[in-house]
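# Chains, contacts and geometry: an overview
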Amino acid sequence: MRPFEYVQATDPAAAVALAGRPGAAFLAGGTNLVDHLKLGIAAPELLVDVSRLPLDAVEETGDGGLRIGATVRNSDLAAHPAVRRDFPVLSQALLAGASGQIRNAATTAGNLLQRTRCRYFQDVTTPCNKREPGSGCPAVEGLHRTLAVLGASEHCVATHPSDMAVALAALDAEVVVLGAAGERRIPVTELVRLPGDDPSRDTVLEPGDLITAVEVAAFPGARRSAYRKVRDRASFAFALVSVAAVLDVEDGVVRDVRIALGGVAHRPWRARRAEQVLRGRPATEAEFGRAADAELEAARPLPGNGYKVPMVRSTLTATLRRLARAEEAA
Amino acid sequence: MPETDVTLTVDGLSRTVTVDTRTTLLDALRERLGVTSPKKGCDHGQCGACTVLVDGRRALSCLSLVVAQRGREVVTATGLERSGTLHPVQQAIVDRDGLQCGYCTPGQVCSAVGMLEEAEAGHPSHVTAAGSAPDAPVELDDEEIRERMSGNLCRCGAYVNIVAAIRDVVHGSAGADGAGR
């Protein structure tokens, strides 16, 4: 591990000013960054600790929405009564991720900004275009069983590892970002980039940009939402495939539906084609399958991860079926 | 090499240590403060052997820089024992033989203590039924215990008796003479 200076930030503006310097990085829960320091993936000269900034509250916005502070711990967010009641998909996604210890440390903003668990990215003895631009991507012809089938490029087939981000993408959440030029908002669906020809940049954030909050607005049907995750073992494993869905059905017809997929792309994948196909259609198994197929037309699996395509289809239809049944019963 | 002083409470005592900023809480405890109950298993947050309680919540000391823990109250498995009396979770693991080599045990103990408080505070888990009351304590059956303890690996495979020990604590029968044996 390379030596670094450590500063505890006293307010968000000071943190942004400090972290705008070359070689600086923010530290919050540390569950991903401290590991990267050990692995040699990250070698900052200055760590700006933002974990004690006063950004640790979940506020109800009055119109049924939530403003979630950037340093709210994943465990506290998952247990928050308003999250459990109004946005169950978010609580479920958080609880499907990591372990109890990690959820106690990991923050809302840190969860969004965690980096891929692609084994080549995490192994500094191998090439990786994300870690060392231009060095190549061994995953395309190597081990890619857990990697992307949608939106990947020849330069990178990494997946975004977060469960929470998938729920936030389905909920049309926005991140509030404080930068050198002031505050701005970015939809969660646009925060994380697709790899294209520059996989080294995970997100659209600039150096020094600090996520201060995540905002979720209320909308009809948000309470009828669910997260479903498929993984190699029953607990404490990253998603092979996951689905976050919100379904609003009236008289057996889909009035609104929002779907995001995890474990399949470089970003939480908002399934807008599937949504488009389903809106105004009967909430039936056949229509759910048709919607999944429409989304998966864009899938370009590699030899070792083709199983993900039917897995997305069955996980998505199962999630929608369960939500539709719950709607019927209500 | 940047060095700094860090003062924090460890097992009830205020301790100050001068550290390189790169030092993890785990290394500070074990190598600098002589508190060796937290164990270094994987050192990457995957095994849970380094679990301690920080301000009452279970945390991985290997993924935490000690400079970021100034003023925090750290309790290790050592500090859970009070004047010769084991914590009920510790006693239950002894009674149930919930270990073989023992390397993961201090982490299992701290994780279980933190986990029991989370359930008492009504925190749900991945297997908690949707729509359960937010503030009511969560009833811990074996499925809940296994899910909530999934961050602690035991390569000897003592899981069955670890779950039984925690179940005894949940049911208040831990430490009772001959409980469950």
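First, a word on what this report is: a plain description of the structure on this page. (Residues numbered from 1 in each chain as written. Chains lettered and ligands numbered in written order. Predicted model: local features only at pLDDT ≥ 70, side-chain atom pairs only at ≥ 80, totals over all residues.)

## Things to note about the overall build of chain A
Along chain A, the regular secondary structure elements total 13 helices and twelve strands. At 19 Å, chain A has a C-alpha radius of gyration in line with the 20 Å of a compact globule built from 330 residues. Seen along its three principal axes, the alpha-carbon backbone of chain A occupies a region of about 60 × 50 × 35 Å. Of the contacts made within chain A by residues no fewer than 6 positions apart, 64% connect residues no fewer than 24 positions apart. (Helix = DSSP H or I, 4+ residues; strand = E, 2+ residues; numbered from the N terminus. Rg over C-alpha atoms; globule rule 2.2 N^0.38 Å. Contact = placed C-beta atoms within 7 Å.)

## Here's the deal with the nonpolar core
Formed by 159 residues in total, the largest nonpolar core has its most connected members in Val89, Ala167, Ala170, Leu171 and Ala244 of chain A. Ignoring sequence-local partners within four residues, the contact set of Leu171 of chain A consists of Phe87, Val89, Leu90, Val216, Ala222 and Val246 of chain A. (Core = buried A, V, L, I, M, F, W, Y, C linked by C-beta atoms within 7 Å. Buried ≥ 20, exposed ≤ 12 C-beta atoms within 10 Å, placed from the backbone.)

## Some points on the interface of chain B and chain A
If you look at the interface, chain B gives 34 residues, while chain A gives 30 residues. Every element with two or more residues in the side of chain B that touches chain A is listed here: β4 (57–60), α4 (105–120) and α5 (142–148) of chain B. Top element by residues in the side of chain B that touches chain A is β4 of chain B. It accounts for four residues. Grouping the constituent residues of the side of chain B that touches chain A by class yields twelve nonpolar, 15 polar and seven charged. (Nonpolar A, V, L, I, M, F, W, Y, C, P; charged D, E, K, R; others polar.)

## So, the pairing of strand β2 (residues 13–20) of chain B
Residue and element names in this part refer to chain B. Alignment of strand β1 (residues 3–10) against β2, held across eight bridges, turns out to be antiparallel. By the bridge assignment, Thr9 is partnered in β2 with Ser14. In this structure, the hairpin formed by β1 and β2 is closed by a connection of two residues, where Asp11 is found at a positive phi of approximately 50°. (Pairing = 2+ DSSP bridges.)

## Some words on the environment of Tyr307 of chain A
As for its position among the elements, Tyr307 of chain A is in the loop between α12 (285–296) and α13 (308–329). Once the C-alpha coordinates of Tyr307 of chain A and Thr146 of chain A are considered, the two residues, 161 residues apart in sequence, prove to be 10.0 Å apart.

Scope: geometric values only; no functional claims are made or implied.
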